[in-house]
Amino acid sequence: MTNGNGIPMPKKRDNSYGANYEELSSVKSFGGFQKRFQHYSDVLSCSMHFSIYIPSTSGREKMPAIYWLSGLTCTDENFVTKAGAQKYAEENKIILICPDTSPRGDSIPDDDKAAYDFGLGAGFYLNATESPWSENYRMYDYIVFELPAVIESLCPVDPSRVSISGHSMGGHGALTIGLRNPSNYCSISAFSPICAPSSCPWGRKALSGYLGGDYESNKSSWANYDAVELIKDIDSCVPILIDQGSDDEFLEEQLNTDLFIQSISNKNLPINVRYQEGYDHSYFFISSFIDQHIKFHSEFLS
């Protein structure tokens, strides 16, 4: 089933996922608490970690939330320790939710050569259909359905006020998940996203491995995880902010920001793509503009 724009409609969120979580740590930061949890994921068939920043609250009121999706090789802790986002989350009273980037564990398949861009740490926020990846690599369903049900059972998040953001591979995830599930998110943002995975080495390796074939032979599957392809069939969307460093070492070969800009050039969509002069692909870039991204989301989460 598709919506009016031809994009597959999301399944209803299943609130039957168990709240089988364990709190591993809790540290006070800017008045709120940075927490880390572990739980068993039924979707991924393994134990997973996720981190949450919960701002201070004077009562039991529910707060809006931003899901942050990290990039290749990252875990749930990279953004937490490097972005400096807690201060701005506290100021705007927004919960920050940071999942891991892939299933993990001794029984989880990995790239034969332990490459950084496939397998562990490189889940690409999709549902794999090829063996042996299809049993565990279902990060799309984990982010869209399972993790929100767990989060809603452990902290005061308002499920009607949720946005999504991410970096690099996680920027790709934020764009594709947000575009495919417009009723779930109030806004989308991304730093240095992989805009067109079907057209870059990182993406072609991941999509061929997880989904099979190539773009021409498996277009219907690949296009579901490619922001440039998704945006072609969209006439409306929630507000989107993209920041891209002009000195990013991966810009030309991997990120395809200009392809995304071209794909929206004739559309009247609330999308702002900004090139930031002199910035690279690192967390120095993210930490320089994360305050603006949180403020951007706060406008649509109020």
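Below is a summary of the structure that appears in this document.

Attention now goes to the overall build of the protein. From N to C terminus, the protein includes ten helices and nine strands. Taking 2.2 N^0.38 as the reference for a compact globule, 302 residues should give roughly 19 Å; the C-alpha atoms of the protein span a radius of gyration of 18 Å, in line with that estimate. Across its three principal directions, the C-alpha atoms of the protein cover 55 × 45 × 40 Å. A burial count over the protein gives 58% of its 302 residues as buried. Of the roughly 12,400 Å² of accessible surface on the protein, a fraction of 47% belongs to carbon and sulfur atoms. Counting 23 positive and 38 negative side-chain charges, the protein places the centres of these two groups 6 Å from one another.

Let us now look at the sheet that holds strand 8 (residues 240-245). The sheet built from nine strands is open, its strands ordered 1-2-3-5-4-6-7-8-9 with mixed pairing. Strands with a single pairing partner mark the edges of an open sheet, and in this sheet they are strand 1 (21-29) and strand 9 (271-276). Pairs of neighbouring strands in the sheet enclose a mean axial angle of 20 degrees, with direction left out of account. With respect to the sheet, helix 3 (residues 139-154) is in contact with strand 1, strand 2 (32-41), strand 3 (46-54), strand 4 (63-69), strand 5 (95-99) and strand 6 (157-167), its orientation differing from that of strand 3 by roughly 55 degrees. Where helix 4 (residues 169-180) meets the sheet, it contacts strand 4, strand 6, strand 7 (188-191) and strand 8, and its direction lies at approximately 140 degrees from that of strand 6.

Going through the model one piece at a time under the given rule, you end up with 16 aromatic pairs. Each ring, one from Trp68 and one from Phe79, has its centre 4.2 Å from the other, and the planes form 20 degrees; the classification is stacked. Taken together, the residues span a long stretch of sequence, with Trp68 in strand 4 and Phe79 in helix 1 (residues 78-82) at a distance of eleven residues. The pair formed by Trp68 and Phe79 is uniform in burial state, with each residue classed as buried. On the numbers, 5.7 Å between centres and 70 degrees between planes, the contact of Phe285 with Phe289 is edge-to-face.

The largest bend in helix 10 (residues 283-301) comes to about 50 degrees, at Phe289. When helix 10 is considered as a whole, its buried residues turn out to be Tyr283, Phe285, Ile286, Phe289, Ile290, His293, Ile294, Phe296, His297, Ser298 and Leu301. Where helix 10 begins, the capping side chain belongs to Ser282, and its oxygen is found 3.2 Å from the backbone nitrogen of Phe284.

Turning our eyes to something else, we now look at the environment of Gly212. Looking at the secondary structure, you find Gly212 in the loop between helix 5 (201-211) and helix 6 (219-223). We classify Gly212 as buried; its relative accessible area is 9%. Sequence separation between Gly212 and Thr129 is 83 residues, and the spatial gap between their C-alpha atoms is 7.5 Å. When near neighbours in sequence (up to four residues on either side) are disregarded, Gly212 contacts Glu130, Leu207, Asn218 and Trp222.

For Phe260, the location among the structural elements is in helix 9 (residues 257-263). For Phe260, a relative accessible area of 0% translates into the label buried. The spacing of Phe260 and Phe79 is 181 residues in sequence and 25 Å in space, taken between C-alpha atoms. Every residue in contact with Phe260, bar those within four places of it in the chain, is listed here: Cys195, Ala227, Val228, Ile231, Ile242, Ile271 and Val273.

What follows concerns the pairing of strand 4. The side chains of a regular strand alternate, residue by residue, between the two faces of the sheet. Most of strand 4 sits inside the fold, with seven of its seven residues counted as buried. Note that strand 4 and strand 6 share six bridges and pair parallel. In the strand pairing of strand 6, Tyr67 is matched with Ile164. Alignment of strand 4 against strand 5, held across three bridges, turns out to be parallel. Bridge assignment links Tyr67 to a residue of strand 5, and that residue is Ile97.

Rules used throughout
Residue numbers run consecutively from 1 along every chain, following the written order of its sequence. Where totals are concerned, whole chains, interfaces and linings use all residues; where local detail is concerned, this predicted model gives features only for residues with pLDDT of at least 70, and gives and counts side-chain atom pairs only at 80 or more. To obtain the side-chain values, all non-hydrogen atoms of the structure were used and water was disregarded. By the criteria applied, helices consist of DSSP H or I runs no shorter than four residues and strands consist of E runs no shorter than two, each listed in order from the N terminus. It is over C-alpha atoms that the radius of gyration is taken, and the globule rule equals 2.2 Å times the number of residues to the power 0.38. Only protein chains enter the accessibility calculation, which uses a 1.4 Å probe; a residue whose area is less than 20% of its type maximum is buried, one above 50% is exposed, and one in between is partly exposed. Under the convention used here, a 1.4 Å probe and the Shrake-Rupley method define accessible areas, while residue burial counts only the protein chains that appear. Two residue types count as positive, namely Lys and Arg, and two as negative, namely Asp and Glu; His and chain ends fall outside the count. Note that the charge is assigned to NZ on lysines, CZ on arginines, CG on aspartates and CD on glutamates. In short, DSSP must find at least two bridges between two strands for them to pair. Only the contacting stretch of a helix is used when fitting its axis, a line to C-alpha atoms as for every element, and angles between N-to-C directions run 0 to 180 degrees. We call two residues contacting when some pair of their heavy atoms lies within 4.5 Å. Stacked, tilted and edge-to-face are the three classes applied to pairs of Phe, Tyr and Trp rings, where Trp contributes its six-membered ring and a pair requires centres within 6.5 Å; stacked means planes under 30 degrees apart, edge-to-face means over 60, and tilted covers the rest. The bend reported for a residue corresponds to the angle between axes fitted to the seven residues ending at that residue and the seven starting there. Whenever two N or O atoms come within 3.5 Å, that pair is a polar contact, provided that in protein one can donate a hydrogen and the other can accept it, and provided that, for residues adjacent in sequence, both atoms are side-chain atoms.

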